[in-house]
Amino acid sequence: MTLLDSSIFRFRLSSLHVSSRSLGVYFAGIMFASAVWVFVDAALYSAFDYARNLHITFIDWIPFLCSILGIVIVNSIDKSRLSGDSFAYTDESLARKARFILFIGFALLAGGLGGSFTVFILKYVVAGYEGKSLLMGSANIISNILFMISATALWITGNMNDDYHYNLQL
Amino acid sequence: MSDLRKIIGLSSVLAVGFMLVILSCALFKNWYPLLIVIPFILAPLPNLLTKKYSTSHDFLQEEDRNLLDFGRFTFGATICTGFALPIVFVNVGLIGTAAATMSCVGGSIIFLVITLYSQAFVQHEEEF
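Since we're looking at a predicted model, the values are computed, not measured. (Residues numbered from 1 in each chain as written. Chains lettered and ligands numbered in written order. Predicted model: local features only at pLDDT ≥ 70, side-chain atom pairs only at ≥ 80, totals over all residues. Heavy atoms only, no water.)

**A few points about the overall build of chain B**
Right, so step 1: Across its full length, chain B holds five helices and one strand.
Right, so step 2: Reading the helices (α) and strands (β) of chain B from amino to carboxyl end gives α-α-α-β-α-α.
Right, so step 3: Taking all 128 residues of chain B together, 43% fall into the buried category.
Right, so step 4: Working note: accessible area of chain B is about 7,400 Å², and carbon and sulfur atoms make up 70% of it. (Helix = DSSP H or I, 4+ residues; strand = E, 2+ residues; numbered from the N terminus. Buried < 20%, exposed > 50% of the residue type's maximum accessible area, 1.4 Å probe, protein only. Areas by Shrake-Rupley, 256 points an atom, 1.4 Å probe, with all protein chains shown as cover.)

**Quick notes on the UniProt feature "transmembrane region" in chain A**
Residues and elements named next belong to chain A.
Right, so step 1: What UniProt calls "transmembrane region" maps, in this numbering, to residues 23-43, 54-74, 101-121 and 136-156.
Right, so step 2: Across residues 54-74, the secondary structure splits into 81% helix and 0% strand, with the terminal C-alpha atoms separated by 34 Å.
Right, so step 3: In residues 136-156, helix accounts for 100% and strand for 0%; the two terminal C-alpha atoms are 31 Å from one another. (UniProt positions renumbered as here; feature names shortened; annotations may be inferred.)

**Quick notes on the pattern of salt bridges**
Opposite charge on two side chains allows them to pair when their charged atoms are near.
All names here are of chain B.
Right, so step 1: Within this structure, the stated rule accounts for two salt bridges over all chains.
Right, so step 2: Close ionic contact of Asp69 with Arg72 constitutes a salt bridge, the shortest N to O distance being 3.2 Å. A residue pair is termed a helical-turn pair when its members lie 3 or 4 positions apart in one helix, as Asp69 and Arg72 do in helix H4 (residues 65-92) at three residues. Both residues of the pair, Asp69 and Arg72, count as buried. (Salt bridge = Lys/Arg side-chain N within 4 Å of Asp/Glu carboxyl O.)

**Section: the environment of Val25 of chain A**
Right, so step 1: Within the fold, Val25 of chain A resides in helix H2 (residues 20-47).
Right, so step 2: Along the sequence, Val25 of chain A and Phe103 of chain A sit 78 residues apart, while their C-alpha atoms lie 22 Å from each other.

**Digging into helix H3 (residues 58-75) of chain A**
Residues and elements named next belong to chain A.
Right, so step 1: An ideal rise of 1.5 Å per residue puts 26 Å on 18 residues; H3 measures up with 26 Å between its terminal C-alpha atoms.
Right, so step 2: Buried residues of H3: Asp60, Pro63, Phe64, Ser67, Gly70, Ile71 and Val74, and no others. Around the axis of H3, the buried residues are gathered within 120 degrees of arc, so they sit on the same side.
Right, so step 3: Summarising the contacts, the buried residues of H3 are in contact with H2, helix H4 (92-125) and helix H5 (132-159). (Expected span 1.5 Å × (residues − 1). Arc of directions from axis to C-beta. Contact = heavy atoms within 4.5 Å.)

**Some points on the packing of aromatic side chains**
Right, so step 1: Applying the stated criterion to the full structure yields twelve aromatic pairs over all chains.
Right, so step 2: Centroid distance Tyr32 of chain B to Phe89 of chain B: 6.5 Å. Interplanar angle 70 degrees. Geometry classified as edge-to-face. In this pair, Tyr32 of chain B sits in the loop between helix H1 (3-26) and helix H2 (34-42) while Phe89 of chain B sits in helix H4, placing the two residues 57 residues apart along the sequence.
Right, so step 3: Using a relative accessible area of 38% as the deciding quantity, one classes Tyr32 of chain B as partly exposed.
Right, so step 4: What makes Phe89 of chain B buried here is its relative accessible area of 9%.
Right, so step 5: Measuring from centroid to centroid gives 5.3 Å for Phe40 of chain B and Phe83 of chain B, while their planes differ by 85 degrees, and the two rings are edge-to-face. Taken as a pair, Phe40 of chain B in helix H2 and Phe83 of chain B in helix H4 lie far apart in primary sequence, 43 residues in all.
Right, so step 6: For Phe40 of chain B, a relative accessible area of 1% translates into the label buried.
Right, so step 7: In this structure an aromatic cluster arises from ring pairing among Phe32, Phe39, Trp61, Phe64 and Phe147 of chain A together with Phe73 of chain B. (Phe/Tyr/Trp six-rings, centres within 6.5 Å; stacked < 30°, edge-to-face > 60°.)

**A word on the nonpolar core**
Right, so step 1: Membership of the largest hydrophobic core comes to 51 residues, with the highest contact counts inside it found for Trp37, Ile56 and Phe147 of chain A.
Right, so step 2: Elements that contribute at least two residues to this core include exactly H2, H3, H4 and H5 of chain A together with H2, H4 and helix H5 (97-120) of chain B.
Right, so step 3: The leading source of residues in this core is H2 of chain A, at 14 residues.
Right, so step 4: Residues in contact with Ile56 of chain A, not counting those within four places in the same chain, are Phe39, Ala42, Ala43, Ser46, Trp61, Lys123, Tyr124 and Met136 of chain A. (Core = buried A, V, L, I, M, F, W, Y, C linked by side-chain atoms within 4.5 Å.)

**A few points about the confidence of the model for chain B**
Residue and element names in this part refer to chain B.
Right, so step 1: Here chain B averages 86 in pLDDT, while 88% of its residues score no lower than 70.
Right, so step 2: Within chain B, strand E1 (residues 61-62) has the poorest average pLDDT of any element, 61, and H2 the best, 93.
Right, so step 3: Scoring of the predicted complex yields 0.83 for pTM and 0.86 for ipTM. (pLDDT = per-residue confidence, 0-100.)

**Examining the environment of Asp64 of chain B**
All names here are of chain B.
Right, so step 1: Mapped onto the elements, Asp64 comes out in the loop between E1 and H4.
Right, so step 2: With relative accessibility at 38%, the residue Asp64 sits in the partly exposed group.
Right, so step 3: For the pair Asp64 and Tyr53, spaced eleven residues apart in sequence, the C-alpha separation works out to 8.6 Å.

Structure representation (structure tokens):
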């Protein structure tokens, strides 16, 4: 990023702090919000009564909520606690608990994705809907896939060891 | 470039942004596009707040990187919300396409002015 750091331009982009780690986090945030809005768009479309005989009910919301819970659980775990042999935390039971909670989080994410496919097939494909109604159902799948992308991006960038930059303020 | 010119230029661009937003509402007598501007105005907040609270005043101590990452995540989500709201409104049928594009462009202009203003008056030390 020598182009952005150089003093050619009048305004510097130092407030955005472009590095690979922060770019990954920005990307994860964008994916998360777009996943939410894809599904909320479908829900509003059904709530404004354009789809007359088919509506998005609580069944459609269950995979969505599972995915959100999974993202929150997976990314709120401190990843240095996962290995029991790190020198500061030699507690094996703590690592076991962390691994169990992480397993629950990933299971919720995968369950959200699988549940969205299940709801799509059972409620929309088997019932024989076409056109816009089928799009309403597939919004569920798209949003859950975007949630998975967001969670993996956050997980990778969280494991990425950037160079520690120290705070040199006196 | 003097500070006065910066101030005048930024404020005129900000006026253009607000003009676009108000026009997108008033031309169609439909005040829903004002909601689109809210995420663009709120977008610089998480970065500023987390940057303020993550820096410690001790010498040679790391910043809280998780808090910074949370701020960046929220920033990305807010910007994406700003661009997603007009699409949702058009799909649902609350506003027309022209109003959506006008308010979206106006909101992004306002966001750019806010970020540039926060950068414009920072004194950089000279590199030798």
